Amino acid sequence: MNKEIKTFTISIYTENNIGLLNRISAIFQRRHINIESLTTSQSEIEGVNRFVIVVNITEVQAKKIIGQFEKQVEVIRAYYHTEEETIYQESGMFKIKSDLLFEEPQIQNIIKESNARIVTVNKEFFVLEKSGRRNEIESLRRDLNVFGIMQFVRSGRIAVTKEEMKITEMLLAFNNQ
């Protein structure tokens, strides 16, 4: 098994219970593993949530961590995947002074070239949204930083696997219990 550190996307299907996030993060903390990104949402089955966690670890560590997650009562199933095995995106929002939109033609070019989208405009500010890979969002942030960003936020990774995980059948069985 490869001992090379790689970026893994970990998907954890769970019941929605209080305290689970704390126990999941504790598993990483005990192993001194930094969470690069964490997103949680409803899964494809009603009543079942999905955590998407990005970490830089070895495959040996990934297998051990998956085993630890699956020992948690509320965890239905956990998986790990490499970046090549997933399709993923992040989203960023930028709040910028409105006068710059009209006074700085460069900003309009940056928006167009980056495929960002203007979400709202008012007298004081406008808000841009950019979806894509982290490096695309960071590149846009660097380009806009020159003009001054009032606020910036970036989401965690959202991801689906290229291969079927066969989780839907398992989740349907869980849901019908």
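Residues numbered from 1 in each chain as written. Predicted model: local features only at pLDDT ≥ 70, side-chain atom pairs only at ≥ 80, totals over all residues. Heavy atoms only, no water.

### Comments concerning the environment of L38
- Structurally, the position occupied by L38 is in strand β2 (residues 35-42).
- Residue L38 is classed as partly exposed on the basis of its relative accessible area, which comes to 32%.
- Ignoring sequence-local partners within four residues, the contact set of L38 consists of L21, F51, V52, I53 and G156. (Helix = DSSP H or I, 4+ residues; strand = E, 2+ residues; numbered from the N terminus. Buried < 20%, exposed > 50% of the residue type's maximum accessible area, 1.4 Å probe, protein only. Contact = heavy atoms within 4.5 Å.)

### Observations regarding the UniProt feature "domain: ACT" (unreviewed entry) in the protein chain
- The UniProt record marks residues 9-89 with the feature "domain: ACT" (unreviewed entry), using the residue numbering of this structure.
- Its end C-alpha atoms 12 Å apart, residues 9-89 is made of 28% helix and 43% strand. (UniProt positions renumbered as here; feature names shortened; annotations may be inferred.)

### A closer look at a nonpolar patch on the surface
- A grouping of M93, V119 and V153 is seen on the molecular surface, where their side chains present a nonpolar patch of about 230 Å² in accessible area.
- Inspection of the secondary structure puts M93 in strand β5 (residues 86-97).
- With relative accessibility at 36%, the residue M93 sits in the partly exposed group. (Patch = residues over 30% accessible without salt bridge, like charges linked within 9 Å, V, L, I, M, F, W, Y side chains within 5 Å. Areas by Shrake-Rupley, 256 points an atom, 1.4 Å probe, with all protein chains shown as cover. Salt bridge = Lys/Arg side-chain N within 4 Å of Asp/Glu carboxyl O.)

### Considerations on the pattern of salt bridges
- Inspection of every chain in the model, using the stated rule, returns eight salt bridges.
- The partner of R141 in a salt bridge is E138, and the shortest N-O contact between them spans 2.7 Å. Of the two residues, R141 and E138 both sit in helix α5 (residues 134-145), three residues apart, roughly one turn of that helix.
- A relative accessible area of 25% places R141 in the partly exposed class.

### Notes on the packing of aromatic side chains
- Going through the model one piece at a time under the given rule, you end up with four aromatic pairs.
- Aromatic pair Y13 and Y79: ring centres 6.4 Å apart, planes at 90°, arrangement edge-to-face. Placement of the pair is Y13 in strand β1 (residues 6-14) and Y79 in strand β4 (residues 75-82), with a sequence separation of 66 residues. Assigned by exposure class, Y13 and Y79 land together as buried.
- Note on F28 and F69: the rings are 5.5 Å apart at their centroids and 55° apart in plane angle, and the pair reads as tilted. Taken together, the residues F28 in helix α1 (residues 20-30) and F69 in helix α2 (residues 59-70) connect sequence positions 41 residues apart.
- Judged by its relative accessible area of 1%, F28 is buried.
- A relative accessible area of 0% places F69 in the buried class.
- Above the face of the F125 ring, K95 is positioned so that its terminal group lies 4.3 Å from the ring centre.
- Directly above the aromatic system of F152 lies the positively charged group of R141, at a separation of 5.9 Å from the ring centroid. (Phe/Tyr/Trp six-rings, centres within 6.5 Å; stacked < 30°, edge-to-face > 60°. Lys NZ or Arg CZ within 6 Å of the ring centre and 35° of its normal.)

### Details of unusual backbone geometry
- At H32, a residue that is not glycine, the phi angle is positive and equals roughly 55°.
- With respect to the helices, strands and loops of the structure, H32 is situated in the loop between α1 and β2.
- One non-glycine residue, N115, lies in positive phi territory at about 60°.
- The exposure class assigned to N115 is exposed, which follows from its relative accessible area of 63%.

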